[in-house]
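# Architecture at a glance
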Amino acid sequence: ASTLTIKDLHVSIEDKEILKGVNLEIKGGEIHAIMGPNGTGKSTLSSAIMGHPKYEVTSGSITLDGEDVLEMEVDERARAGLFLAMQYPSEISGVTNSDFLRTSINARREEGKEISLMKFIREMDNTMELLEMDPNMAQRYLNEGFSGGEKKRNEILQLMMLQPQIAILDEIDSGLDIDALKIVSKGINEMRSSDFGCLIITHYQRLLNYITPDHVHVMMQGRIVKSGGPELAQRLEAEGYDWIKAELGIED
Ligand code: ADP
Ligand code: MG
Ligand code: MG
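As the structure is a computational prediction, the values presented were derived from the model and not from experiment.

In the neighbourhood of ligand 1, the contacting residues comprise I13, E14, I18, G36, N38, G39, T40, G41, K42, S43, T44 and K54. Here the shell around ligand 1 gets three residues from one element, more than from any other, and that element is helix α1 (residues 42–50). Across the shell around ligand 1, the residue classes tally to two nonpolar, seven polar and three charged.

Below, the structure is given as structure tokens:
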């Protein structure tokens, strides 16, 4: 199992400090949720972990099993076992979903140990069936014209096929109807094992009705200001964030 460790992380966008000292450790076997109001830096955290060039880490560290993630190129981060589902996945014209997925799987394998086409197709078929995806989705261009729900299911398909050590899922639940939400949750729950650690970033508690996190964190103003168990998410759903602001003396 792997451990992703984030220490005192400060991140700026265009010289404006967004993250102001984030500490977080995610181990294989654990599911963490970060919740928080809009604009508090949740997506900035996931972008910094995956190495988006616009997000400048000004201090602090991110390590995966002691290896410096910040020194890795974006593709090296994926090969090291990190997976990021972005809030707004990009479209890639001319590349089919199936080709993209097979290339991604093989990029993480040693030369000569590529997944066989037969095995790949079988696994992809099975996983798409579990996620109740239209089989045509395999041959469509990546994310091109995908509906919001199709994009999110497709991210979970990638997750299940790539089998990363640590996944960061940013608003994987946004824009999903209840059926799609259940399917996405089923996929994530299917991944649960001692070899898989997951950070779920969400604005809403409802996803956490289907995936019970081990740890819940609240982010405000670029910091994790409170951590607890699943009961913390339930209290946020019932009472919103004002009580935390009051507790901490935070003004809007
Ligand atoms: P959250 O995901 O919690 O809603 P974000 O991390 O997306 O918050 O945004 C945190 C802050 O950083 C916001 O004030 C937002 O406007 C700003 N921000 C995020 N991304 C960019 C960007 N690419 N360029 C400029 N400002 C950004
Ligand atoms: Mg947002
Ligand atoms: Mg966000």
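That was the structure; now back to the text.
Once that is clear, we can look at the sheet that holds strand β10 (residues 197–202). Sheet strands pair via backbone hydrogen bonds, and the direction of the pair is either parallel or antiparallel. The six strands are arranged β6-β9-β10-β3-β11-β12 in an open sheet whose pairing can be described as mixed. The sheet terminates laterally at β6 (82–85) and β12 (223–228), the two strands that pair on one side only. Neighbour to neighbour, the strand axes of the sheet diverge by 20 degrees on average, direction disregarded. Bridge count for β6 against strand β9 (residues 166–170) is four bridges, and the pairing is parallel. Residue pairing across strands places L84 opposite I168, the latter belonging to β9. Packing against the sheet, α1 makes contact with β3 (31–35), β6, β9, β10 and β11 (215–220), and its axis sits at approximately 140 degrees to β6.

Our next topic: the sheet that holds strand β4 (residues 55–64). In spatial order, the strands read β2-β1-β4-β5; together these four strands make up an open sheet with antiparallel pairing. Where the open sheet ends on each side, the last strands, each with one partner, are β2 (16–27) and β5 (67–68). Alignment of strand β1 (residues 3–13) against β2, held across nine bridges, turns out to be antiparallel. Within β2, the position partnered with V11 by the bridge is L19.

What describes two packed helices is the angle between their axes and the distance between those same axes. Where helix α3 (residues 97–107) contacts helix α5 (residues 148–162), the axes come no closer than 10 Å and their chain directions differ by 35 degrees. Here α3 and α5 pass one another in a crossing that is right-handed. The segment α3 lies against α5, with N97, L101, S104 and I105 engaging N154, Q158, M161 and L162. The residue inventory of the contact of α3 with α5, partitioned by class, reads four nonpolar, four polar and no charged.

Counting through the fold element by element, H32 comes out in strand β3. Those residues within four positions of H32 in sequence are excluded, and the remaining contacts are I26, L199, P213, D214, H215 and H217.

Take unusual backbone geometry next. Phi at D8 takes a positive value of approximately 45 degrees, unusual for a residue other than glycine. Position of D8 relative to the elements: it lies in strand β1. On the basis of neighbour count, D8 is assigned to the exposed category, with 12 C-beta atoms found within 10 Å. We note that E171 has phi near 50 degrees; this positive angle belongs to a residue other than glycine. With respect to the secondary-structure elements, E171 resides in the loop between β9 and α6 (178–191). By the C-beta count within 10 Å, which is 21 here, E171 ends up buried.

Glancing now at the packing of α5 against α6. Contact geometry for α5 and α6: axes closest at 10 Å, N-to-C directions at 10 degrees. Our classification of the angle between α5 and α6 gives roughly parallel. Each of G149, K152, R153, I156, L159 and M160 in α5 lies in contact with α6, whose residues at this interface are A180, I183, V184, G187, I188, E190 and M191. Here the residues of the contact of α5 with α6 sort into eight nonpolar, two polar and three charged.

In regular strands, side chains alternate between the two faces of the sheet. Of all six residues in β10, six are buried; the element is thus mostly enclosed. Taking every second residue as pointing to the same face, both faces of β10 are buried, with G197, L199 and I201 on one and C198, I200 and T202 on the other. Here β3 pairs with β10 via five bridges, running parallel. Across the sheet, A33 pairs through a bridge with I200, a residue of β10. As paired strands, β9 and β10 are joined by five bridges and run parallel to one another. The residue bridging L169 from the neighbouring strand is I200, located in β10. One crossover worth recording links β9 to the parallel β10 by way of α6, and it is right-handed.

Definitions and cut-offs
Residues numbered from 1 in each chain as written. Chains lettered and ligands numbered in written order. Predicted model: local features only at pLDDT ≥ 70, side-chain atom pairs only at ≥ 80, totals over all residues. Near = placed C-beta within 6 Å. Helix = DSSP H or I, 4+ residues; strand = E, 2+ residues; numbered from the N terminus. Nonpolar A, V, L, I, M, F, W, Y, C, P; charged D, E, K, R; others polar. Pairing = 2+ DSSP bridges. Axes fitted to C-alpha atoms, helices over the stretch in contact; angles between N-to-C directions. Contact = placed C-beta atoms within 7 Å. Left-handed = near helix turned anticlockwise from the far one by under 90°. Buried ≥ 20, exposed ≤ 12 C-beta atoms within 10 Å, placed from the backbone. Parallel < 35°, antiparallel > 145°, perpendicular 65-115°, else oblique. Right-handed = clockwise from strand over helix to strand, strands pointing away.

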